[in-house]
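Here is what each chain is made of, one letter per residue.
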Amino acid sequence: MPGMLLGDVFPNFEADTTIGKIRFHDFLGDSWGVLFSHPRDYTPVCTTELGQAAKLSDEFIERDVKMIALSIDSVEDHRGWTKDIMAYNKEASGCPFPFPIIADDKRELSVKLGMLDPDELDKDGMPLTARCVFVIGPDKKLKLSILYPATTGRNFVELLRVIDSLQLTAEKRVATPVNWKPGDEVMVLPNISEDEASTLFPAGVRTKELPSGKKYLRYTPQP
């Protein structure tokens, strides 16, 4: 992402949203945050994505994560479209949408955050927002960024899994291996000595034997 690297403090921007004007850091408070963009309101893939995000909103709340979406459409369009999204989810008419959507109709924030997709243009030849995902920690620093093209919908269940890993590894000196999910074994960091590992992980450390003889694949129950 142009101008945004892991560990950078996320911009404290002001924006108009479906819940009114916000200042981003104030909106987050002491919570984690997920800011994700979509190309356009009233489009098929975006409707399925925000529908899934809305269905999983309680899962994000349980993890103390605040969600907020963004596209280049107006607040009025966002509010009208969310009714379609909730109908797609088979929710009762009038059911409130569970998170705000930013209106970036001038593309100012999209440009600042590197969200525009040069290969996806509107009827006027202007670029649409790509499918970006930013995960921001309580310290307001960028913890993860993912960029999808407009043609590929995201997996919000996978995003929950990633957040579980980010939150665990922010508190514990461990890493999560491929396909890890909560409750699975985690990995002991290479910079932790055998003696220190025995103190940090009283449940025990399992070392995988390898042809090299190097003992770098070390597992322990999730702390």
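This one's a predicted model, so the numbers in the text were calculated from it and none came from an experiment.

(A) Looking closely at the sheet that holds strand E5 (residues 101–103). Overall, mixed pairing links the 7 strands, which are arranged E2-E1-E5-E4-E3-E8-E9 in an open sheet. If you trace the sheet from one side to the other, it starts and ends with strand E2 (20–23) and strand E9 (142–148), each paired once. When the angles between neighbouring strand axes are averaged without regard to direction, this sheet yields 30°. Sheet analysis places strand E1 (residues 14–17) next to E5, joined by 2 bridges and oriented antiparallel. Residue Thr17 lies in a different strand from E5, and its bridge partner there is Ile102. Taken strand by strand, helix H2 (residues 44–55) contacts strand E3 (32–37), strand E4 (65–71), E5 and strand E8 (131–136), and its axis lies near 25° from that of E8.

(B) Quick peek at the pattern of salt bridges. A full pass over the atoms with the stated rule returns 14 salt bridges. For Arg131, the salt bridge goes to Glu49, with nearest N and O atoms at 2.8 Å. With Arg131 in strand E8 and Glu49 in helix H2, this pair connects stretches of sequence that are 82 residues apart. Residue Arg131 shares its accessibility class with Glu49, and that shared class is buried.

(C) Structural detail: the UniProt feature "active site" (unreviewed entry) in the protein. The UniProt record marks Cys46 with the feature "active site" (unreviewed entry), using the residue numbering of this structure. If we ignore the near neighbours within four places in the chain, the residues touching Cys46 are His38, Pro39, Arg40, Trp81 and Arg131.

(D) The arrangement of the packing of aromatic side chains in detail. Scanning all chains against the criterion turns up 7 aromatic pairs. Residue placement shows Lys66 over the ring face of Phe27; its charged tip is 5.7 Å from the ring centre. We note Arg206 situated over the ring of Tyr219; from NZ or CZ to the ring centre the distance is 4.4 Å.

(E) Inspection of the sheet that holds strand E11 (residues 186–188) at higher detail. Ordered in space as E10-E11-E13-E12, the 4 strands form an open sheet in which the pairing is antiparallel. In this open sheet, the two strands that pair with only one neighbour each are strand E10 (174–175) and strand E12 (206–207). For E12 and strand E13 (residues 218–220), the ladder comprises 2 bridges, and the chain directions are antiparallel. Across the sheet, the residue bridging to Thr207 is Arg218, located in E13.

(F) View of the packing of H2 against helix H4 (residues 75–88). Running from amino to carboxyl end, H2 crosses H4 at an angle of 70°, the nearest separation of the two axes being 9 Å. Compared by their axis directions, H2 and H4 come out roughly perpendicular. The interaxial crossing formed by H2 with H4 has right-handed handedness. Contacts from Cys46, Thr47, Thr48, Leu50, Gly51 and Ala54 in H2 reach Trp81, Ile85, Met86 and Tyr88 in H4. Of the residues contributing to the contact of H2 with H4, the split by class is 7 nonpolar, 3 polar and no charged.

The rules behind the values
Residues numbered from 1 in each chain as written. Predicted model: local features only at pLDDT ≥ 70, side-chain atom pairs only at ≥ 80, totals over all residues. Heavy atoms only, no water. Pairing = 2+ DSSP bridges. Helix = DSSP H or I, 4+ residues; strand = E, 2+ residues; numbered from the N terminus. Axes fitted to C-alpha atoms, helices over the stretch in contact; angles between N-to-C directions. Contact = heavy atoms within 4.5 Å. Salt bridge = Lys/Arg side-chain N within 4 Å of Asp/Glu carboxyl O. Buried < 20%, exposed > 50% of the residue type's maximum accessible area, 1.4 Å probe, protein only. UniProt positions renumbered as here; feature names shortened; annotations may be inferred. Phe/Tyr/Trp six-rings, centres within 6.5 Å; stacked < 30°, edge-to-face > 60°. Lys NZ or Arg CZ within 6 Å of the ring centre and 35° of its normal. Parallel < 35°, antiparallel > 145°, perpendicular 65-115°, else oblique. Left-handed = near helix turned anticlockwise from the far one by under 90°. Nonpolar A, V, L, I, M, F, W, Y, C, P; charged D, E, K, R; others polar.

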